[in-house]
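Structural description and commentary
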Amino acid sequence: MLFYPPYDGAPLGAPLSLLCLASPLLQSGFDVKLVDNLISPDYEKTILREAEDALLLGISVLTGPHIGAAVRVSKAVKKLRPTLPIVFGGWHASLATQQTLREPYVDAIVRGQGELTLLELTQRIADELSWHGIRGLSFKDSDGQIVHEPERPVADVNTLPVPAYHLADPSIYAAVSGVRQLAYTSSVGCPYQCNYCTDQVFYKRRFNAYRVERVVSELADLVPRYNIEHVPFFDSNFLVDRKRAVAIAKGIVESGVKFRWDFQTSTDFLALMSEDEVRLLAESGVQHIGFGTESASQEVLTLMNKRFQHVDQMVETARKTNLAGIHIVFNIILGYPGETEAQRDETFRVMSEIAKEYANVSFSPNIFTPYPGIPIWPQLKEMGVVEPQSLEEWETLALGVNVLPWLRGEELRRLRRSLEYFLLNNQIRKVTQEIPWARRSVRRILGAPIRWRIGKSRYSFPWELWLSRAAEKVVTRRSLLTGRPLSERTEEVC
Ligand code: B12
Ligand code: SF4
């Protein structure tokens, strides 16, 4: 039995991790029961019922809200059937293994890529054999001692079977999310080593990708079979191999299968593509791309070990995707250790300039969040960040909105104010683009002074914010402009 706990975020279809894990188990003759909170709101009852005759319970765990249900369910199962092995896997368990395994209700952890390790463990459990020697496994032995077996080399993804999509009916998920979605991953791993990212820990900087033919034929088969509208790609950095990416887009067009798809990547790769190649992505169904741009200050990018990325590539990315009609989101990390206020203001200024020029750009700003296993932990500890010491403490980590020792009081207040202006500026731009008659007057009254403030970093007496808050109420009440409220409140962002 495999369990995907409730998470924080929009539904993205069936949990791909569990479908990948299920496939080799099914091929080897095991029955697999998937329990996903999205479609089984009474997941705890289901798990307790199924626990009666299960061979093991596997739980996928990300840092944050996932942990709460994982802990609750594990404790309940241990009480009911103390001998049933409970196995954690996924990013949090793999990156905080020792700490997670100390919990009395966790018997084993599958570290990293899970398909082969879980299969081997399941076979050993079925045959009542010792768990010693299973590569990639950490577990408690019969004396309760924690044993870490050596790492399992990451398998070439082309050797792994097609995820068990048939176990998760997309129409049941569509009832929850409103869209017939199929999560897909065409590669794992990214060659870069950003200091705040753990991809390098998991996948050792190797871009490990399905061959083009596999991607195209799987999608050409799955999309019509399940009547899929949208395929979010979960690759860490989809455009690492641009030739492959272009061939995939071409293959999708030639297959005649129509669906929307999107992916995440870095701007250096997209900037190197030709305008025609980016148009081909759009023609094949790409409507949105997410970029981990994080900062527009070259010094901060260097601190993040993102020397591969430059501001001109962000501009070029915005230009080419705009030409192709693809919407893009630039993620921004605020408060990165070592970032000065001037550098942060530079990010707001440059990003605002880009957005002014290219209407297809939106932003997703987050306060820096230290996840387990990220390479800069030693520096963070020196700067006063206290690392959570238990699963429960990691559960309550304020994802993307936490307070950092070096970013408090007056400086945090100023950050919030600049962020509020930055978001407001972009919302005004978007709203006025959609409603031509509002363009000139709204831009004159609000746009120009806001752009001046962002350019000069002057945020005192924020009359535009007061006005916009009042206007927002009017807009929302009348549904006059877009039909949506003007903005998310900044307080919810940071
Ligand atoms: C999709 C995704 C999500 C989706 C997942 C929803 C869904 N329906 O699948 C959602 C929206 C939940 C999400 C949220 C977040 N995510 Co996210 N997400 C991803 C992403 C892009 C893909 C994950 C995926 O499905 N990959 C494909 C599957 C096949 O791989 P997998 O999940 O890793 O599973 C394999 C192994 O991990 C292992 N495994 C996994 N589970 C289990 C369970 C068992 C029992 C076993 C044996 C093995 C095992 O075996 C699997 C097969 O090899 C990854 C980046 C990446 N490239 O992987 C980031 C990533 C996992 N997310 C990350 C982050 C930071 C977050 C957020 C914290 C962001 C935020 N600020 O809110 C939140 C946390 C949410 C929460 N706790 O509630 C980080 C990791 C953080 C961490 N320490 O857990 C990643 C690695 C991105 C990054 N490079 O930093 N995310
Ligand atoms: S480019 Fe993205 S996936 Fe690659 S190391 Fe940096 S943050 Fe991680």
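This text follows the structure it describes.
This is a predicted model, so every value here is computed, not measured. (Residues numbered from 1 in each chain as written. Chains lettered and ligands numbered in written order. Predicted model: local features only at pLDDT ≥ 70, side-chain atom pairs only at ≥ 80, totals over all residues. Heavy atoms only, no water.)

1. Quick word on the site of ligand 1
- Near ligand 1 lie 35 residues; those nearest to it are Ser60, Thr63, Trp91, Glu115 and Ser236.
- At 2.6 Å, a side-chain N or O of serine 60 approaches a nitrogen atom of ligand 1.
- Here a nitrogen atom of ligand 1 sits 3.3 Å away from a polar atom, N or O, in the main chain of phenylalanine 234.
- Among the residues forming the shell around ligand 1, the class breakdown is 18 nonpolar, 15 polar and two charged. (Near = heavy atom within 4 Å. Polar contact = N/O pair within 3.5 Å; in protein donor to acceptor, adjacent residues only side chain to side chain. Nonpolar A, V, L, I, M, F, W, Y, C, P; charged D, E, K, R; others polar.)

2. Notes on the environment of aspartate 36
- Residue position: aspartate 36 is located in strand 2 (residues 34-36).
- Sequence separation of aspartate 36 and asparagine 237 is 201 residues, and the distance between their C-alpha atoms is 26 Å.
- Discounting residues that sit within four places of it in the chain, aspartate 36 has contacts with Tyr4, Pro15 and Tyr173. (Helix = DSSP H or I, 4+ residues; strand = E, 2+ residues; numbered from the N terminus. Contact = heavy atoms within 4.5 Å.)

3. A closer look at the nonpolar core
- Ranked by internal contacts, the top residues of the largest apolar core, which has 149 residues, are Leu57, Phe88, Trp261 and Phe368.
- It is helix 18 (residues 409-434) that provides the largest number of residues to this core, a total of eight residues.
- Excluding anything up to four places from it in sequence, tryptophan 261 contacts His230, Val231, Phe233, Phe238, Ala249, Ile252, Leu281, Ser284, Gly285, Val286, Gln287 and His288. (Core = buried A, V, L, I, M, F, W, Y, C linked by side-chain atoms within 4.5 Å. Buried < 20%, exposed > 50% of the residue type's maximum accessible area, 1.4 Å probe, protein only.)

4. What about the environment of leucine 62?
- Positionally, leucine 62 belongs in the loop between strand 3 (57-60) and helix 3 (66-80).
- The exposure class of leucine 62 is partly exposed, given its relative accessible area of 35%.
- Separated by 65 residues in sequence, leucine 62 and aspartate 127 place their C-alpha atoms 30 Å apart.

5. Remarks on the sheet that holds strand 10 (residues 230-232)
- Taken together, five strands build an open sheet; the order of strands is 10-11-12-13-14 and the sheet is parallel. Lying at the two open borders of the sheet, with one neighbouring strand each, are strand 10 and strand 14 (361-367). Neighbour-to-neighbour, the strand axes of this sheet turn through a mean angle of 15 degrees, independent of strand direction.
- Taken together, the five bridges between strand 12 (residues 286-294) and strand 13 (residues 327-334) define a ladder with parallel strand orientation. Paired with isoleucine 289 across the strands is isoleucine 328, a residue of strand 13. (Pairing = 2+ DSSP bridges. Axes fitted to C-alpha atoms, helices over the stretch in contact; angles between N-to-C directions.)

6. Re the side chain of serine 94
- With respect to the element layout, serine 94 can be found in helix 4 (residues 91-95).
- Classification of serine 94 as buried rests on a relative accessible area of 14%.
- Looking at serine 94, its side chain comes within polar contact range of the main-chain oxygen of glycine 90, at 2.7 Å.
- With near-sequence residues (within four places) excluded, serine 94 lies in contact with Val110, Arg111, Gly112 and Phe202.

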